[in-house]
Amino acid sequence: MASPLSLPIHLRFSPSPRFNQRTLSLAPPSPKPFKAPTFNTKPTQITPTCDRLLRLISRASIGEADTDAGETTEPGERTVGEDSAAFDLGQQKMKSWVYFGAILGAVLLALDVLWIDPSTGFGTAFVEAVGGLSDSHEVTLLLLVLIFATVHSGLASLRASGEKLIGERAFRVLFAGSSLPLAVSTIVYFINHRYDGTQLWQVQSVPGIHQFVWISSFISFLFLYPSTFNLLEVAAVDKPELHMWETGIIRITRHPQMVGQVIWCVAHTIWIGNSVAIAASISLIGHHLFGVWNGDRRLSLRYGEAFDVLKSRTSVLPFAAILDGRQKLPKDYYKEFIRLPYLTITFLTLGAYLAQPLMQAASYRLHWCHTPKLMACEGDTCQVHMPGMFGCKCAMTCGYVKMSGTRMWLGDMWGWLERTSVIHGGMIEKRDPNEPAPRAQ
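Rules and cut-offs
- Residues numbered from 1 in each chain as written.
- Predicted model: local features only at pLDDT ≥ 70, side-chain atom pairs only at ≥ 80, totals over all residues.
- Heavy atoms only, no water.
- UniProt positions renumbered as here; feature names shortened; annotations may be inferred.
- Helix = DSSP H or I, 4+ residues; strand = E, 2+ residues; numbered from the N terminus.
- Buried < 20%, exposed > 50% of the residue type's maximum accessible area, 1.4 Å probe, protein only.
- Contact = heavy atoms within 4.5 Å.
- Axes fitted to C-alpha atoms, helices over the stretch in contact; angles between N-to-C directions.
- Left-handed = near helix turned anticlockwise from the far one by under 90°.
- Nonpolar A, V, L, I, M, F, W, Y, C, P; charged D, E, K, R; others polar.
- Salt bridge = Lys/Arg side-chain N within 4 Å of Asp/Glu carboxyl O.
- Parallel < 35°, antiparallel > 145°, perpendicular 65-115°, else oblique.
- Core = buried A, V, L, I, M, F, W, Y, C linked by side-chain atoms within 4.5 Å.

As recorded in an unreviewed UniProt entry, the protein chain goes by the name NnrU domain-containing protein, listed as coming from Acorus calamus. Here is the UniProt Subcellular location (unreviewed entry) comment for the protein chain, exactly as written: "Membrane".

In structure tokens form, the structure reads like this:
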């Protein structure tokens, strides 16, 4: 009688494309989709029980595939990295997500109290200190990015030794606690000053430019965040790990975050068209180019020969490995994107676009920005330039307002603007919260 362990295993020799020798490989027979293993019994056909699209999204989201776990990238070869964006719903614990929500709330509260709130936090003092080094918004922005990049990449480089010293979770808290406030300051400063530079070109009225920038920005976010799929690791609920992804967007480029940042910077520089946007793009792209080198170095130290194999199959430039034949896309490659993390990123990106006015209003309230200016006055009526969006110098609040003596009321956000002897560049006063707003006439 045949032993129950005598499963059919086919041995074959195949030439390796990377080594001048013949390698032994274990090749299972070609899998048949939706077939259960026979084990000398009659095969059972698995019948779908729900709509095909929903089934496809569900199976792709939890990381299943029609083939075995060692999915191949080329005939006879198995992946050496992890399956990107795999999300197993069956392994999720409600307790972990409760912890995640509690940690996220605590982090946001601490960030607001210790950094963002001008009355209690250090963020205003930090931005003013950096801004005091130069009157140039471009130089200030470059310095803010440089400080963030030094802390962020520096701690990333020290991750291996830091985790050995204080543990994975404690180091993640140190990393996030140091990087997040600096990132917020840099982003807010850019939002508030992006139209304060020297205008070099103006193409916002050109037909199709808005659609080009919007689509480019949307695509950039699909590239920017592939390494934050496991939010429980980001919040240190699960033990953080240094992942070596191989499927999904990694087949297109080994460094999607760099590619996404380049796309975002190019699109916004075209849209804004001034020196501040160029300074932001140069500094951010430079930081991510360093991250390409540093990321490969860290993965090589962590995974050794396995990373060398992955590196030979992938490329930094998008689609380069595919075009030169080093990366063979599976026939069902699209399934690697029909997964819950990618769908989540899609909805969050759309939500962020719709919430732009709220984000801008929140940024302006911090007063980490250029103040309103009087552009021209005639009699008791003045035209006001408010920091705005979409390139128009008067896009946010622009119009003619009545003077009250030597001052004008600009609403709860800005308070009173004092008219000075120099019309261009009138400065804003800090509003006394006890001072009432002017009565409507």
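From this point, the discussion proceeds with the structure in view.
Caption draft 1: Expanded view of the side chain of Thr140. For Thr140, the position within the fold is in helix α4 (residues 137–157). By relative accessible area, Thr140 is classed as buried at 1%. Apart from the residues within four sequence positions on either side, Thr140 is in contact with Val130, Gly131, Ser134 and Tyr189.

Caption draft 2: Structural view of the packing of helix α2 (residues 94–116) against helix α6 (residues 168–193). Relative to each other, α2 and α6 sit at 60°, their axes nearing to 11 Å. Here α2 and α6 pass one another in a crossing that is right-handed. Between α2 and α6, the residues in contact are Val107, Leu111, Trp115 and Ile116 and Leu180, Pro181, Leu182, Val184 and Ser185, respectively. The residue makeup of the contact of α2 with α6, split by class, is 8 nonpolar, 1 polar and no charged.

Caption draft 3: Region of the structure containing the environment of Leu329. Here Leu329 is to be found in the loop between α12 (320–323) and α13 (340–354). Once the C-alpha coordinates of Leu329 and Gly248 are considered, the two residues, 81 residues apart in sequence, prove to be 9.8 Å apart. Among all residues touching Leu329, those that are not within four sequence positions of it are Arg251 and Ile322.

Caption draft 4: The pattern of salt bridges, seen in detail. Evaluation of the coordinates by the stated rule reveals 6 salt bridges. Note that Asp83 and Arg339 form a salt bridge whose closest N and O atoms lie 2.9 Å from each other. One end of the pair, Asp83, is in the loop between α1 (52–61) and α2; the other, Arg339, is in the loop between α12 and α13, and 256 residues separate them in sequence. For Asp83, a relative accessible area of 24% translates into the label partly exposed. Between Arg159 and Glu163 there is a salt bridge, with its nearest N and O atoms 2.8 Å apart.

Caption draft 5: Looking closely at the packing of helix α3 (residues 123–131) against α4. Packing of α3 against α4 brings their axes to within 9 Å, and their N-to-C directions diverge by 120°. Put simply, α3 runs oblique to α4. The hand of the α3/α4 crossing is right-handed. Counting all contacts with α3, which are made through Phe126, Val130 and Gly131, the residues of α4 involved are Thr140, Leu143, Leu144 and Ile147. Here the contact of α3 with α4 is composed, by residue class, of 5 nonpolar, 2 polar and no charged.

Caption draft 6: Structural detail: the nonpolar core. In this structure, Phe126, Leu141, Phe190, Trp271 and Ile272 are the most contacted members of the largest nonpolar core, which totals 26 residues. Elements supplying a minimum of two residues to this core: α2, α3, α4, α6, α7 (209–224), α9 (256–272) and α10 (275–303). A per-element tally of this core places α6 first, with 6 residues. Here Leu141 is in contact with Thr186, Tyr189, Phe190, Val276 and Ala280, once residues within four sequence places are set aside. The next biggest cluster of nonpolar side chains, apart from the first, holds 11 residues, and it includes Ile249, Ile250, Val259 and Tyr333.

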